[in-house]
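Single-letter residue listing:
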Amino acid sequence: MTAETAKAEAAPRFAIYRAAEAPDFDELSCMEAVGVTPLIADGIERAAAAGANDGNVVKMLFSMPGMSLTYAWFKSGFPLPLHSHNADCLYYIVAGSLTIGTEQLGAGDGFFVGSDVPYTYKPGSDGVEVLEFRTADHFDIRFLGKTQAFWDKTVDALKSAHPRWAEERRPFEVAR
């Protein structure tokens with residue numbers, strides 16, 4: 001049996017998923033951090049201590065061999081670190097807004113990021129909810145902030161934004 005045949009046999013022909021039953025990424029092993037140096041590990045640890053986990057919700061809605069669908073809510077001011085994945089990603093903005101590069105995108109807009117292409121985006125003033133369609137069910141994340149100054153800026157942004165997150169509502173709820 002070839003790898004392609006095994007993949008096709010493992011893939012469901014029909015499936016329903018429910019957002020209420022979607023597991024948090026913290027409960028899964030679908031994304032592996034690679035290339036983590038001691039400086040990056042320290043930056044990630046300091047970001048977590050500054051409240052990074054309170055600024056985002058990421059859930060796996062659906063996964064099968066060669067494909068996955070993720071829901072992510074990044075709250076206002078969340079400093080998404082520059083990173084890449086080893087899988088193509090197609091993003092669809094459900095609610096809220098974001099800035100990527102010089103482009104401002106809102107509900108109904110989206111963007112594509114190819115495998116191993118570095119990217120980051122900044123959630124808008126109400127945060128952003130996105131759907132992430134990936135060409136893989138297991139993929140990596142490679143953090144690309146390689147200086148102390150990069151992680152200091154990330155931690156400072158977290159400390160600044162964190163106080164308002166407890167009261168922040170999902171952009172979709174605000175829009176309704």
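Because the structure is a prediction, the values reported are computed rather than measured. (Residues numbered from 1 in each chain as written. Predicted model: local features only at pLDDT ≥ 70, side-chain atom pairs only at ≥ 80, totals over all residues. Heavy atoms only, no water.)

**Student:** Could you clarify how one ought to interpret the environment of Phe-172 in this entry?
**Tutor:** Here Phe-172 lies in helix H4 (residues 171-175). Assessed through its relative accessible area of 33%, Phe-172 is described here as partly exposed. In contact with Phe-172, not counting residues within four places along its chain, are Val-94, Ala-95 and Glu-129. (Helix = DSSP H or I, 4+ residues; strand = E, 2+ residues; numbered from the N terminus. Buried < 20%, exposed > 50% of the residue type's maximum accessible area, 1.4 Å probe, protein only. Contact = heavy atoms within 4.5 Å.)

**Student:** Got a minute to help me understand the pairing of strand E9 (residues 139-143) in this structure?
**Tutor:** In the case of a regular strand, side chains alternate between the two sheet surfaces. Within E9, 4 of the 5 residues are buried, which leaves it mostly tucked inside the rest of the structure. Across 3 bridges, the pairing between strand E1 (residues 31-33) and E9 is parallel. Paired with Met-31 across the bridge in E9 is Phe-139. In terms of strand pairing, strand E4 (residues 83-84) meets E9 through 2 bridges, oriented antiparallel. When the bridges of E9 are listed, His-83 appears paired with Phe-143. (Pairing = 2+ DSSP bridges.)

**Student:** Sorry if this is basic, but what is going on with the confidence of the model for the protein here?
**Tutor:** In low-pLDDT segments, the atomic positions of the prediction should not be examined closely. Confidence along the protein averages 93 in pLDDT terms, with 93% of residues attaining 70 or more. Element-level mean pLDDT values for the protein span from 62 in helix H1 (residues 3-10) up to 98 in strand E6 (residues 103-106). (pLDDT = per-residue confidence, 0-100.)

**Student:** Just to check I follow, could you spell out the sheet that holds E1 for this structure?
**Tutor:** Hydrogen bonds along the backbone pair up the strands of a sheet, which may run parallel or antiparallel. Within the open sheet, the 3 strands sit side by side as E1-E9-E4. Their pairing is mixed. The sheet terminates laterally at E1 and E4, the two strands that pair on one side only.

**Student:** Explanation requested: the packing of helix H2 (residues 38-49) against helix H3 (residues 148-165) in the structure shown.
**Tutor:** Packed helix pairs are specified by the crossing angle of their axes together with the interaxial distance, meaning the distance between the axes. Direction vectors running N to C along H2 and H3 enclose 10°, while the axes themselves pass 9 Å from each other. Compared by their axis directions, H2 and H3 come out roughly parallel. On the side of H2, the interface is formed by Leu-39, Ile-40, Asp-42, Gly-43, Ile-44, Arg-46 and Ala-47, while H3 contributes Gln-148, Trp-151, Asp-152, Val-155 and Leu-158. Partitioned by chemical class, the residues of the contact of H2 with H3 number 7 nonpolar, 2 polar and 3 charged. (Axes fitted to C-alpha atoms, helices over the stretch in contact; angles between N-to-C directions. Parallel < 35°, antiparallel > 145°, perpendicular 65-115°, else oblique. Nonpolar A, V, L, I, M, F, W, Y, C, P; charged D, E, K, R; others polar.)

**Student:** I'm lost on the pairing of strand E8 (residues 122-134) in this one. Help?
**Tutor:** Bridge count between strand E3 (residues 67-74) and E8: 7 bridges; the pairing is antiparallel. From the neighbouring strand, Trp-73 faces E8, where its bridge partner is Glu-129.

**Student:** So what exactly am I meant to see when it comes to the packing of aromatic side chains here?
**Tutor:** For any two aromatic rings, the description comes down to two numbers: the centre-to-centre distance and the angle of the planes. Under the defined criterion, the tally for this structure stands at 11 aromatic pairs. Seen from their ring centres, Tyr-17 and Phe-62 are 6.1 Å apart, and the 40° between their planes marks the pair as tilted. Taken together, the residues Tyr-17 in the loop between H1 and E1 and Phe-62 in strand E2 (residues 56-64) connect sequence positions 45 residues apart. Arranged with centres 6.3 Å apart and planes meeting at 45°, the rings of Phe-25 and Phe-139 form a pair that is tilted. Linking Phe-25 in the loop between H1 and E1 with Phe-139 in strand E9, this pair joins segments that are 114 residues apart in sequence. Residue class for Phe-139 comes out buried when judged on its relative accessible area of 3%. The structure contains a cluster of three or more aromatic residues connected by ring pairs, namely Phe-74, Phe-78, Tyr-91, Phe-111, Tyr-119, Tyr-121 and Trp-165. Lys-75 extends its terminal NZ or CZ atom over the ring of Trp-73, reaching a point 4.8 Å from the ring centre. (Phe/Tyr/Trp six-rings, centres within 6.5 Å; stacked < 30°, edge-to-face > 60°. Lys NZ or Arg CZ within 6 Å of the ring centre and 35° of its normal.)

**Student:** Hey, could you run me through the nonpolar core in this one?
**Tutor:** What tends to happen in soluble globular proteins is that the nonpolar side chains get buried as a cluster. The biggest cluster of nonpolar side chains holds 30 residues, and the ones touching the most others in it are Phe-74, Tyr-91, Leu-98, Phe-111, Tyr-121 and Val-130. Of all the elements in the fold, those that place two or more residues in this core are E2, E3, strand E5 (89-100), strand E7 (110-113), E8 and H3. By residue number, the principal contributor to this core is E5, which donates 5 residues. The residues touching Tyr-121, leaving out its near neighbours within four places in the chain, are Phe-74, Leu-80, Tyr-91, Leu-98, Thr-99, Ile-100, Phe-111, Val-128, Val-130 and Glu-132. One finds Ala-11, Ala-22, Leu-61 and Leu-69 within the second-largest nonpolar core, a separate group that totals 9 residues. (Core = buried A, V, L, I, M, F, W, Y, C linked by side-chain atoms within 4.5 Å.)

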